[in-house]
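# Structure at a glance
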Amino acid sequence: MAAPADGPGAFSAAMAGLGRPVSRETLGRLEAFVATLNRWQKAINLVGPSTLPLVWERHVLDSAQLEPLIPPEARTLADLGTGAGFPGLVLAAMRPDLQVTLVEVDGRKAAFLGEAARQMALPVPPRIVVARIEAAPPSRADVVTARALAPLDQLLAWADRHRNDHAISLFHKGKGWQGELTQAMKSWDVSSQPLASATDRDAVILRIDAFARPDLRDR
C-alpha cells in the first residue's frame, strides 16, 4: 500500500494504527506547533531544511511514537537537548497531564520553544531550562527523552542527572544502536529493550528501565 502524503491527516492515521487515536484538540495543538516551526524556520535553523516538507512524519510522528511507551502513572518528563521541541513539545501535546521540562542551551531555540508552547495553548506549560544539560538543575523526572543528541554512553551520563530512582529513559537511535549499546555497557550496567521505530526501519526506540555504573551499583 502506498504511503499517505505527509500532513496532519496522515499523522492521525498513523497514530490510530499504533492504537493511539489523536483527538481534535491534540491535533490542533500540534498544527499550531508546526505552523510556528514553519514561521521561525525562516529565521533560524530548527530542523534540516530537506525534512521540512515531511515534518509530520519525520519529526512529529517520530516523536509521538514515544507516547504509548510512557507509563500512565508518569507525571514528569525531561527532554534533553530538545532543540526544536522534538520530542518534548509533541509529548506535551499528547500527554497534557505531564509536567515537561525542556533543556536547551541555545537561547534562540529556547525562545522558539516558549513561543511554540504559547501558540499551542498547552494546559500545563513546559518548563524551559536554558542551560547545558550537565549544568542544568536536576529534573528528577519520571521519564527522560533525547532524540538525535549524542552517543548512548553520553546520554546515560546526562540522563543519570535528570532522572528519579524509578525513571525510564526513551532514546531515539539509528542503525548503529547495537554498537552504541555495546560501548555503553563497558561503563554501565544497562537494562534495555530495543523497540522498532514507526518511521525508520533501520532505527529503534531504546527503552532503558535501569542503569548504573558497576562501581556504584551496590552503594
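Coordinates for the structure precede this section.
Cut-offs and rules
- Residues numbered from 1 in each chain as written.
- Predicted model: local features only at pLDDT ≥ 70, side-chain atom pairs only at ≥ 80, totals over all residues.
- Heavy atoms only, no water.
- Buried < 20%, exposed > 50% of the residue type's maximum accessible area, 1.4 Å probe, protein only.
- Helix = DSSP H or I, 4+ residues; strand = E, 2+ residues; numbered from the N terminus.
- Contact = heavy atoms within 4.5 Å.
- Salt bridge = Lys/Arg side-chain N within 4 Å of Asp/Glu carboxyl O.

### Focus: helix 6 (residues 152-162)
- Taken as a whole, helix 6 has its buried residues at Leu152, Leu155, Leu156, Trp158, Ala159 and His162.
- Buried positions along helix 6 lie against strand 1 (76-80), strand 4 (141-147), strand 5 (163-173), helix 7 (177-184), strand 6 (189-196) and strand 7 (204-212).

### Some details on the environment of Lys42
- Structurally, Lys42 can be placed in the loop between helix 2 (24-41) and helix 3 (55-64).
- Once the C-alpha coordinates of Lys42 and Ala110 are considered, the two residues, 68 residues apart in sequence, prove to be 16 Å apart.

### Here we look at the pattern of salt bridges
- Scanning the entire structure with this criterion turns up eleven salt bridges.
- Between Arg75 and Asp97 there is a salt bridge, with its nearest N and O atoms 3.3 Å apart. Of this pair, Arg75 sits in the loop between helix 3 and strand 1 while Asp97 sits in the loop between helix 4 (88-94) and strand 2 (99-103), and the two are 22 residues apart along the sequence.
- You can call Asp97 partly exposed: its relative accessible area is 35%.
- Linked by salt bridges that have partners in common, Arg75, Arg95 and Asp97 make up one network.

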